[in-house]
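What follows is each chain in one-letter form.
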Amino acid sequence: MGLIQLTDRICYLPHEPEVDRPMLAYVRGDKFTLAIDAGYSAGHVGDFYAALEDWGLPRPTFTAITHWHYDHTFGTHALESISIAHKRTNQFLAQQRELVKDPAYIRSLKQEDVHFRREYAEQEQVTVVLSDMEFEQELTLDLGGVTARLFHTAAPHSEDTVCICIPQEGVLFLGDSTSEDFFHDCYMDQDKLGQLMDIIRGTDCQTCILSHCEPLKKEALLTYLSTIRN
Ligand SMILES: [Zn+2]
């Protein structure tokens, strides 16, 4: 599987439903490049880098993390870029870094999640590292000719949710933020969903990207979300 061009400066490696790998995106500035999410494993990072090489694209300068869940972060140790995450994401990853030292924890992840079992079929060990840089509210990266605004927001999916807006390209990356919280009995916090919808509505973008879906038009996403907002 190869990259798909989304806009002039943005392409992405699509999500893979069989292993629940999220999409990994790439923003090409004149000076620097930015990847969005580290991915599930060293293998996922390797596949992304190979796809970039096929297109003659350099390794990302930075990698921004949308939230701590393992399919988005457990590849961080294999990155060749500066990783950037919310402070709370790093706190969650510090917990995971301790937990994965226990083989029983890895076994339980494999038992409970068929996708994890597939992604780590060949491996007994999992390496978790924190991101190199952390921020709390907002961080803007000038990549040269294009900027990336990373910002923390309330979201039903996880408390460390970071969205990434690329205003010049009209694209908003939302990670898994619109989904329920899988770690708390799939609870959908309606207040947080409402706050997130306000953020989406107020963001100057045409395209919204959810990590495990095809790209969506902003209006189509808001229409869909309004059907689950009660
Ligand atoms: Zn998630």
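Here the structure is a predicted model, which is why all the values come from computation and not from measurement.

Observations regarding the side chain of Asp37
Inference 1: Here Asp37 lies in the loop between β4 (33-36) and α1 (42-54).
Inference 2: There is no salt bridge for the buried Asp37, and the closest opposite charge comes from Arg21, which lies 13 Å off by N-O distance.
Inference 3: Looking at Asp37, its side chain comes within polar contact range of the main-chain nitrogen of Thr66, at 2.8 Å.
Inference 4: At 2.7 Å, the side chain of Asp37 and the side chain of His72 are in polar contact.
Inference 5: Excluding its chain neighbours within four sequence positions, the residues that come into contact with Asp37 are Leu24, Thr63, Ala64, Ile65, Thr66, His67, His72 and Ser211.

Some points on the coordination of the zinc ion
Inference 1: Coordination of the zinc ion by the protein is provided by His67 (NE2), His69 (ND1), His157 (NE2) and Asp176 (OD), with metal-donor distances spanning 2.2 to 2.3 Å.
Inference 2: Coordination geometry of the zinc ion: the four donor atoms subtend angles of 87 to 174° at the metal centre, consistent with an arrangement described as irregular.
Inference 3: Positions of the donor residues of the zinc ion along the chain correspond to the pattern H-x1-H-x87-H-x18-D. On the criterion of sequence distance, the pair formed by His69 in the loop between β5 (62-64) and α2 (70-73) and His157 in the loop between β9 (147-152) and β10 (162-166) is long-range, its members being 88 residues apart. His157 shares its class with His69; the two are buried.

Details of the sheet that holds β10
Inference 1: If you walk across this open sheet you meet the six strands as β8-β9-β10-β11-β12-β13, and the pairing is mixed. One side of each edge strand has no neighbouring strand; the edge strands of this open sheet are β8 (138-142) and β13 (216-217).
Inference 2: Where β9 lies against β10, four bridges are found, and the strand directions are antiparallel. Paired with Arg149 across the strands is Cys165, a residue of β10.

Some words on helix α3 (residues 87-99)
Inference 1: Its 13 residues place the ends of α3 19 Å apart at the C-alpha level, agreeing with the 18 Å of an ideal helix rising 1.5 Å per residue.
Inference 2: Along α3, the residues classified as buried are Thr89, Asn90, Phe92, Leu93 and Gln96. Seen from one end, α3 has its buried residues packed into an arc of 160°, which puts them on one side.
Inference 3: For α3, the elements touching its buried residues are α2, β6 (82-86), α4 (103-112) and β7 (133-135).

As for the sheet that holds β4
Inference 1: With mixed pairing, seven strands are arranged side by side in an open sheet as β1-β2-β3-β4-β5-β6-β7. Of all strands in the sheet, those with a lone pairing partner are β1 (4-5) and β7, marking the two edges.
Inference 2: Taken together, the three bridges between β4 and β5 define a ladder with parallel strand orientation. In the sheet register, Ile36 faces β5, and the bridge partner there is Ala64.

Description of the packing of aromatic side chains
Inference 1: Under the counting rule described, the total for this entry stands at ten aromatic pairs.
Inference 2: Note on Trp68 and Phe183: the rings are 4.9 Å apart at their centroids and 45° apart in plane angle, and the pair reads as tilted. Residue Trp68 is located in the loop between β5 and α2, and its partner Phe183 is located in the loop between β11 (171-173) and α6 (190-202); the two are separated by 115 residues in the primary sequence.
Inference 3: Aromatic side chains Tyr70 and Phe116 sit 5.0 Å apart centroid to centroid with 70° between the ring planes, which places their arrangement in the edge-to-face category. Taken together, the residues span a long stretch of sequence, with Tyr70 in helix α2 and Phe116 in helix α5 (residues 114-119) at a distance of 46 residues. By the burial criterion, Tyr70 is buried, and Phe116 matches it.
Inference 4: Taken together, the aromatic side chains of Tyr40, Tyr70, Phe74, Phe116 and Tyr120 make up a single cluster linked through ring pairs.

Things to note about the state of the cysteines
Inference 1: A complete count under the given rule lists zero disulfides for this structure.
Inference 2: With no disulfide of its own, Cys163 lies 9.1 Å from the sulfur of Cys208, the closest cysteine sulfur.
Inference 3: Residue Cys208 stays outside any disulfide, its sulfur separated by 4.2 Å from that of Cys205, the closest cysteine.
Inference 4: A residue is classified by how much of its surface remains accessible, and Cys208, at 0% relative accessible area, is buried.

Quick notes on the layout of surface pockets
Inference 1: Approximately 870 Å³ is the volume attributed to the largest pocket.
Inference 2: Taken together, 42 residues form the lining of the largest pocket, with His69, His157, Glu180, Phe182 and Phe183 sitting closest to its centre.
Inference 3: Mapped onto the lining of the largest pocket, the elements with two or more residues apiece are α2, α3, α4 and α7 (218-228).
Inference 4: Per-element tally for the lining of the largest pocket: the top contributor is α7, with five residues.
Inference 5: Of the residues contributing to the lining of the largest pocket, the split by class is 20 nonpolar, twelve polar and ten charged.

Cut-offs applied
Residues numbered from 1 in each chain as written. Predicted model: local features only at pLDDT ≥ 70, side-chain atom pairs only at ≥ 80, totals over all residues. Heavy atoms only, no water. Helix = DSSP H or I, 4+ residues; strand = E, 2+ residues; numbered from the N terminus. Buried < 20%, exposed > 50% of the residue type's maximum accessible area, 1.4 Å probe, protein only. Lys, Arg positive; Asp, Glu negative; His and termini not counted. Salt bridge = Lys/Arg side-chain N within 4 Å of Asp/Glu carboxyl O. Polar contact = N/O pair within 3.5 Å; in protein donor to acceptor, adjacent residues only side chain to side chain. Contact = heavy atoms within 4.5 Å. Donors = N, O, S within 2.8 Å, 3.2 Å for Na, K, Ca; no water. Tetrahedral: all angles 85-135°; square planar, octahedral: opposite > 155°, others 65-115°. Pairing = 2+ DSSP bridges. Expected span 1.5 Å × (residues − 1). Arc of directions from axis to C-beta. Phe/Tyr/Trp six-rings, centres within 6.5 Å; stacked < 30°, edge-to-face > 60°. Disulfide = S-S within 2.5 Å. 1 Å grid on protein atoms, 1.4 Å probe; cavity = no way out; pocket = protein on both sides within 12 Å on 5 of 7 lines; lining within 4 Å. Points joined across faces, edges and corners; volume = space filled by probe spheres on them. Nonpolar A, V, L, I, M, F, W, Y, C, P; charged D, E, K, R; others polar.

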